[in-house]
Amino acid sequence: MDSQSQTTSLQRLQNVEKRVVRVLELAGGVTDELANPTGPRKEFINNHCREFMQLIKDIQVTLRDEIKSACEYRPFEKCDYSSRISNEICCKKLEYVLSQLDEMKQTIDEYHVTA
C-alpha cells in the first residue's frame, strides 16, 4: 500500500463525520418530500432511503473498525516499569531478610561467647 492510499484513524473519523452530515441531509430531503403538497415522489424517496441505509451501514462498519483498532492499542505493552519495580521491591525485601539473619547470627554468636 502506498502512502496516498493509507488513511489515518483521524481521517477515517472525519470521513464518518461527513457521512453523518450526508445522512442528515438525506433525512431532511425525505421529510421535505413527504411534506410536498403534491405528494411524495416514490422514486425520490426510494433513492434517498437506499443511500441513507448504505451510508448508515458504512458508518457502522467504519466505527466498529475504529473501536476495534482502539481496543487493540496498548501504549504501555512493552513497558517494563512494573517488573522493574517488582524486582526492586524483592531486592529490598531480601536485603531486610539478610539484615535480620545477620542480627540473628550476631545474637547466636554472643550467646555462645557468654555461655
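If you look the protein chain up in an unreviewed UniProt entry, it shows as Mediator of RNA polymerase II transcription subunit 11 from Xanthoceras sorbifolium. UniProt lists a comment for the protein chain under the heading Subcellular location (unreviewed entry), and it reads "Nucleus". According to the UniProt record, the Subunit (unreviewed entry) comment for the protein chain is "Component of the Mediator complex."

Caption draft 1: Representation of the environment of isoleucine 56. By the secondary structure assignment, isoleucine 56 is in helix H2 (residues 42–72). Looking at isoleucine 56, the relative accessible area reads 26%, which means it is partly exposed. Separated by 36 residues in sequence, isoleucine 56 and valine 20 place their C-alpha atoms 8.0 Å apart.

Caption draft 2: The nonpolar core, seen in detail. By size, the foremost hydrophobic cluster in this structure holds five residues: Val16, Val23, Leu26, Leu55 and Ile59. Among the elements that make up this core, the one with the highest residue count is helix H1 (residues 9–34) (three residues). Leucine 55 has contacts with Arg19, Arg22, Val23 and Leu26, leaving out every residue within four places of it along the chain.

Caption draft 3: Fine view of the side chain of glutamate 66. Counting through the fold element by element, glutamate 66 comes out in helix H2. Glutamate 66 gets classed as buried once you look at its relative accessible area, which sits at 9%. Those residues within four positions of glutamate 66 in sequence are excluded, and the remaining contacts are Ser9, Arg12 and Leu13.

Conventions and cut-offs
- Residues numbered from 1 in each chain as written.
- Predicted model: local features only at pLDDT ≥ 70, side-chain atom pairs only at ≥ 80, totals over all residues.
- Heavy atoms only, no water.
- UniProt positions renumbered as here; feature names shortened; annotations may be inferred.
- Helix = DSSP H or I, 4+ residues; strand = E, 2+ residues; numbered from the N terminus.
- Buried < 20%, exposed > 50% of the residue type's maximum accessible area, 1.4 Å probe, protein only.
- Core = buried A, V, L, I, M, F, W, Y, C linked by side-chain atoms within 4.5 Å.
- Contact = heavy atoms within 4.5 Å.

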